[in-house]
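# Structure assessment
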Amino acid sequence: MPKYVIEREMPNVGNLSQEQLQQAAQTSCGVLMEMGPSIQWVQSYVTDDKIYCVYNAPDEEAIKKHAADAGFPADKISRVRTIMDPTTAEV
């Protein structure tokens with residue numbers, strides 16, 4: 001299944017409390033349950049003003065539907081073409 005990175009512009013998101021982040025995660029998971037197993041949230045990285053989310057999804061439209069139904073922005077959606085890490089440097 002294709003992997004995507006979603007960039008969400010959310011001013012001051014880094015200042016949200018643990019309870020607010022928990023509520024957002026519960027909202028996301030609720031929408032994902034309704035959408036079925038074809039879309040999966042892998043993890044998210046919260047910075048000062050953005051959240052970068054990694055999802056497995058059949059296509060970009062599924063990402064957009066999740067964002068709309070959950071009430072989250074999806075300002076930039078990028079399909080991951082390959083994954084590299086330090087082991088990529090090994091011969």
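Up top you'll find the structure we're talking about.
Here's what I pulled together on the structure shown here. (Residues numbered from 1 in each chain as written. Predicted model: local features only at pLDDT ≥ 70, side-chain atom pairs only at ≥ 80, totals over all residues. Heavy atoms only, no water.)

Looking now at the pattern of salt bridges. The full count for this structure, using the stated rule, is 5 salt bridges. We note a salt bridge from Glu-9 to Lys-50, for which the minimum N-O separation is 3.5 Å. Taken together, the residues span a long stretch of sequence, with Glu-9 in strand S1 (residues 3–9) and Lys-50 in strand S3 (residues 50–56) at a distance of 41 residues. A relative accessible area of 21% places Lys-50 in the partly exposed class. Between Glu-61 and Lys-64 there is a salt bridge; the shortest N-O distance is 3.7 Å. In this pair, Glu-61 and Lys-64 are both assigned in helix H2 (residues 60–70), 3 residues apart and thus about one turn of the helix distant. Judged by relative accessible area, Glu-61 falls into the exposed class, the value being 51%. Among the ionic contacts, a cluster of salt bridges with common partners joins Glu-7, Glu-9 and Lys-50. (Salt bridge = Lys/Arg side-chain N within 4 Å of Asp/Glu carboxyl O. Helix = DSSP H or I, 4+ residues; strand = E, 2+ residues; numbered from the N terminus. Buried < 20%, exposed > 50% of the residue type's maximum accessible area, 1.4 Å probe, protein only.)

This part is about the side chain of Asn-56. Mapping Asn-56 onto the fold places it in strand S3. The buried category is assigned to Asn-56, whose relative accessible area is 13%. In terms of polar contacts, Asn-56 uses its side chain to reach the side chain of Lys-3, at 3.0 Å. For Asn-56, the contacting residues outside a window of four places in its chain are Met-1, Pro-2, Lys-3, Ser-38, Ile-39, Gln-40 and Val-42. (Polar contact = N/O pair within 3.5 Å; in protein donor to acceptor, adjacent residues only side chain to side chain. Contact = heavy atoms within 4.5 Å.)

We now examine the state of the cysteines. Under the counting rule described, the total for this entry stands at 0 disulfides. Of the cysteine sulfurs around Cys-29, a residue in no disulfide, the closest is that of Cys-53, at 11 Å. Overall, Cys-29 belongs to the partly exposed group, its relative accessible area being 35%. (Disulfide = S-S within 2.5 Å.)

Tyr-4, Ile-6, Ile-39, Tyr-55, Ala-57 and Ile-63 are the most contacted members of the largest nonpolar core, which totals 13 residues. Those elements that provide at least two residues to this core are S1, S3 and H2. Residue contributions to this core peak at 3 residues, all from S3. (Core = buried A, V, L, I, M, F, W, Y, C linked by side-chain atoms within 4.5 Å.)

Sheet strands pair by backbone hydrogen bonding; their relative direction is either parallel or antiparallel. Across the sheet, 4 strands lie side by side as S2-S3-S1-S4; this open sheet has antiparallel pairing. At either end of the open sheet lies a strand with only one pairing partner, and these are strand S2 (40–46) and strand S4 (76–79). Averaged over all neighbouring strand pairs, the angle between strand axes comes to 20°, with direction disregarded. The sheet contact formed by S2 and S3 spans 6 bridges and is antiparallel. Bridge pairing links Gln-40 to Asn-56 in S3. Set on the sheet, helix H1 (residues 18–35) makes contact with S2 and S3; between it and S2 the angle comes to about 160°. (Pairing = 2+ DSSP bridges. Axes fitted to C-alpha atoms, helices over the stretch in contact; angles between N-to-C directions.)

Function cannot be inferred from these measures alone, as they are strictly geometric.
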